[in-house]
2 protein chains.
Amino acid sequence: MTDAAPTGEITGRRRRSGAATIYDIAELAGVNPSTVSRALNQPGRVSAKTEEKIRKAAADLNFHANPMARALPTGRTHTLAVVVADITNPMVFGVIRGAERAASQAGFTLVIAESQESGSLEAGTIDNIAPSVDGIVLATSRLPDEEILRLAQRKTIVTLNREVDGIPSVISDPAPGVSALVAHLADLGHRAIAYLGGPSRSWISGRRWEALMHAARERGVAVFEIGPNSPTLTGGESAFERAHASGATAVVAYNDLMAIGLMRAAKAAGVSVPEDLSVVGFDDVLGDLLSPSLTSVHADLTGMGTRSVARLLAQLGADGSHEGDGPITTELVIRESTGPSPR
Amino acid sequence: MTDAAPTGEITGRRRRSGAATIYDIAELAGVNPSTVSRALNQPGRVSAKTEEKIRKAAADLNFHANPMARALPTGRTHTLAVVVADITNPMVFGVIRGAERAASQAGFTLVIAESQESGSLEAGTIDNIAPSVDGIVLATSRLPDEEILRLAQRKTIVTLNREVDGIPSVISDPAPGVSALVAHLADLGHRAIAYLGGPSRSWISGRRWEALMHAARERGVAVFEIGPNSPTLTGGESAFERAHASGATAVVAYNDLMAIGLMRAAKAAGVSVPEDLSVVGFDDVLGDLLSPSLTSVHADLTGMGTRSVARLLAQLGADGSHEGDGPITTELVIRESTGPSPR
DNA sequence: CGTGATTTGTCAATCGGTTGCCAAACGAGC
DNA sequence: GCTCGTTTGGCAACCGATTGACAAATCACG
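The model shown is predicted, which means the values in this text are computed figures rather than measured ones.

Chemist: For this particular structure, what's the right way to read the environment of Ala29(A)?
Modeler: Its location among the elements puts Ala29(A) in helix 1 (residues 22-29). Aside from chain neighbours lying at most four places away, what touches Ala29(A) is Lys53(A), Ile54(A) and Ala57(A).

Right, here's the structure in full:
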């Protein structure tokens, strides 16, 4: 140690990032580091007077506990992960937004991981981040059930729009929205509806299809599924021909992106929406921006993000205020892309 | 815990998450833990034979080094952060996507933090995450220059679309796109262009305006700025009246979202695009989805995300392959929202 | 075979917190 | 004033890695 360092860089304890430690606080307050730790984390464990003194010192030093150092002995990282198949799917934005807010509000950090629509990549990604997070939200998992169960043994997991045996999940129940949707289409005179399915590994696509079948049966409307398709713009575009050939007067797509792709292909083919063909999406994430604007089955995506994080926190025992546990409801938002059946 | 646990949960060393440690490897391979650390991180430091033995043991145990434990002595967390003002701004999706890919490719984890368009919240957020990341990308910062400089003293920073004195930045140069844009509009007969500015704290909004002025002067076209505005749909909607009243035949909005809001308000007011009014956006992030589709100045957002992470990594000495350092170019994408001047 | 130079592996300290255990200090009650 | 019970704060081990210093082993070469 050189003497009289004027820069102040070398002052006994060398610090990496200028951040204050509990040792600094302890020194300033004239107590033991362990007392500092207790004062800050276990209210009531130390006397009010000492705690006050320590809190003041901590504030003076702008102390922020090093999360890494804290994670080491406790095993709790105060970090959560959301794993999505594809970041560019607008559906995940809402989820991420809700999750981010809930997490940061609880003092947790959120990390986003993308599996790029690949099951094996997803498993690898999860392996990588698992040691540094306390829990994981599988937002659009392409993993088989067994893999998710295996994962849940070593890490706290919540699934989104996916039901796996013993795993807590946050599901948007398509039934209410779909029921209103079919009523809406039936009222407009539609008698044959096509469903453009999503990826074969998507659990929720199956539920949407089932809800559609069920509602259609009740109303005496014919439905059939076209798919599976990639849940993207091009997926919707390339399905247009089949949908159109099917003779359906209304097409319900697995999500808004596909619905938009479909509308685009329709326009290119000279088929006008909604005069010649009614189009409906799911998630209600972009419909408002277009023209014609898109009728869609709305789900509260932000709320789903919030709730999935709340579930995670509840399981981790980090948060008492567990919100409702039932499925999230959906509702129909009618816009310009649906109209009377041409026949 | 009950005695004689047949589950094998209590086996001498109690492990928190079932993860193997270097101690397990050391035992299995019959060497010292520090030798394991060296074998795995400093190629050549131990004999080939020993390294082989250790690597095999590590593989057998499915070893993944605990990032927290590693971060403690080294101070390197292998985590990067992207801080954005508003997650729902579609412009950030592309950036995040690019950043996420570049980070995970380099073995880094990406965390997203949202400052909700508030400068003070942004500072607080950054304080919170700073200790657990190696570097930060300020994607849409609302912080004053001095604050960013202060931050850069304790953490590696890269700014996006923002120039601050000594701070590395990734900038999309509006000039090429704007120059083509003004030429395009001039060719269509437009003689007066309005610019709908973004938030007053947005550095890049100023640059876009300057580029527009410069190009307009060269072409002998009149331009004027209307703003500042919120960079959102409603920001664009509420600016319509002023834009229309101004007599401009073409409106260039700070971003696509505002352009869409403007088009919507125009439609509601019975002003048709592009016949009565030409509309242009920036970033080219949604233009393709609408109809009429939106003419926009395209920037490679994913590339910007990738590059900002590459910059960060280069500064951290984690990656040699530093990409080009010049500004990112922009180009005009002509779609349906621009047409001949009504006059 | 002996010597010096080099390679290889071990020891132990360290990062910044947390926490079980214990002793000192304190207060109450007789 | 003394004992007993309760707070309160300190000591030290520990989480799982990294790394400087050093000793042991290995090797080259005369």
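So, next bit.
Chemist: What's the story with the protein's contact with DNA strand D in this structure? I'm lost.
Modeler: Contacts to DNA strand D come from 28 residues, most closely from Asn32(A), Thr35(A), Thr50(A), Ser37(B) and Arg38(B). Restricting attention to atoms of DNA strand D within 4 Å of the protein, one finds that 55% of them are sugar or phosphate atoms. Within the contact set of DNA strand D, a phosphate oxygen lies 2.9 Å away from a backbone nitrogen or oxygen of Asn66(B). Counting only elements with at least two residues in the surface near DNA strand D, the list comes to helix 2 (33-41) and helix 4 (67-74) of chain A together with helix 1 (22-29), helix 2 (33-41) and helix 4 (67-74) of chain B. At five residues, the largest contribution of residues to the surface near DNA strand D is made by helix 4 of chain B. Here the surface near DNA strand D is composed, by residue class, of 11 nonpolar, 11 polar and six charged.

Chemist: Help me understand the protein's contact with DNA strand C, please; the structure alone is not making it clear to me.
Modeler: Neighbouring DNA strand C are 31 residues, the closest being Ser37(A), Arg38(A), Arg38(B), Arg45(B) and Thr50(B). Ala69(A) places a polar main-chain atom, nitrogen or oxygen, 3.2 Å from a base nitrogen of DNA strand C. Within the side chain of Asn32(B), one N or O atom sits 2.8 Å away from a phosphate oxygen of DNA strand C. If you list the elements that add at least two residues to the surface near DNA strand C, you get helix 1, helix 2 and helix 4 of chain A together with helix 2 and helix 4 of chain B. Tallied by class, the residues present in the surface near DNA strand C amount to 12 nonpolar, 12 polar and seven charged.

Chemist: Explain the relation of the copies chain B and chain A here, please?
Modeler: Put simply, the two copies of the chain differ by a rotation about an axis and a shift along that axis. Mapping chain B onto chain A calls for a screw motion: a turn of 180° about the axis and a shift of 0.1 Å along it, with 0.2 Å RMSD after fitting. In short, the pair behaves as if placed about a two-fold rotation axis. Residue by residue, 98% of the interface of chain B is reproduced at the interface of chain A, so both copies engage with the same surface.

Chemist: What am I meant to see in the sheet that holds strand 11 (residues 330-333) of chain A here?
Modeler: Hydrogen bonding along the main chain pairs the strands of a sheet, whether they run parallel or antiparallel. Residues and elements named next belong to chain A. Taken together, six strands build an open sheet; the order of strands is 7-6-8-9-10-11 and the sheet is mixed. Of all strands in the sheet, those with a lone pairing partner are strand 7 (222-226) and strand 11, marking the two edges. For this sheet, the mean inter-axis angle between neighbouring strands, taken without regard to orientation, is 20°. When strand 6 (residues 192-196) meets strand 7, the two strands line up parallel, connected through five bridges. Bridged to Leu-196 within strand 7 is Ile-226. Running over the sheet, helix 8 (residues 175-187) touches strand 6, strand 8 (250-253), strand 9 (278-283), strand 10 (295-299) and strand 11 and is turned about 30° from strand 11. Taken strand by strand, helix 9 (residues 203-219) contacts strand 6, strand 7, strand 8 and strand 9, and its axis lies near 160° from that of strand 7.

Conventions and cut-offs
Residues numbered from 1 in each chain as written. Chains lettered and ligands numbered in written order. Predicted model: local features only at pLDDT ≥ 70, side-chain atom pairs only at ≥ 80, totals over all residues. Heavy atoms only, no water. Helix = DSSP H or I, 4+ residues; strand = E, 2+ residues; numbered from the N terminus. Contact = heavy atoms within 4.5 Å. Near = heavy atom within 4 Å. Polar contact = N/O pair within 3.5 Å; in protein donor to acceptor, adjacent residues only side chain to side chain. Nonpolar A, V, L, I, M, F, W, Y, C, P; charged D, E, K, R; others polar. Least-squares fit on C-alpha atoms with pLDDT ≥ 70 in both. Pairing = 2+ DSSP bridges. Axes fitted to C-alpha atoms, helices over the stretch in contact; angles between N-to-C directions.

Don't take any of this as a statement about function, it's just geometry.
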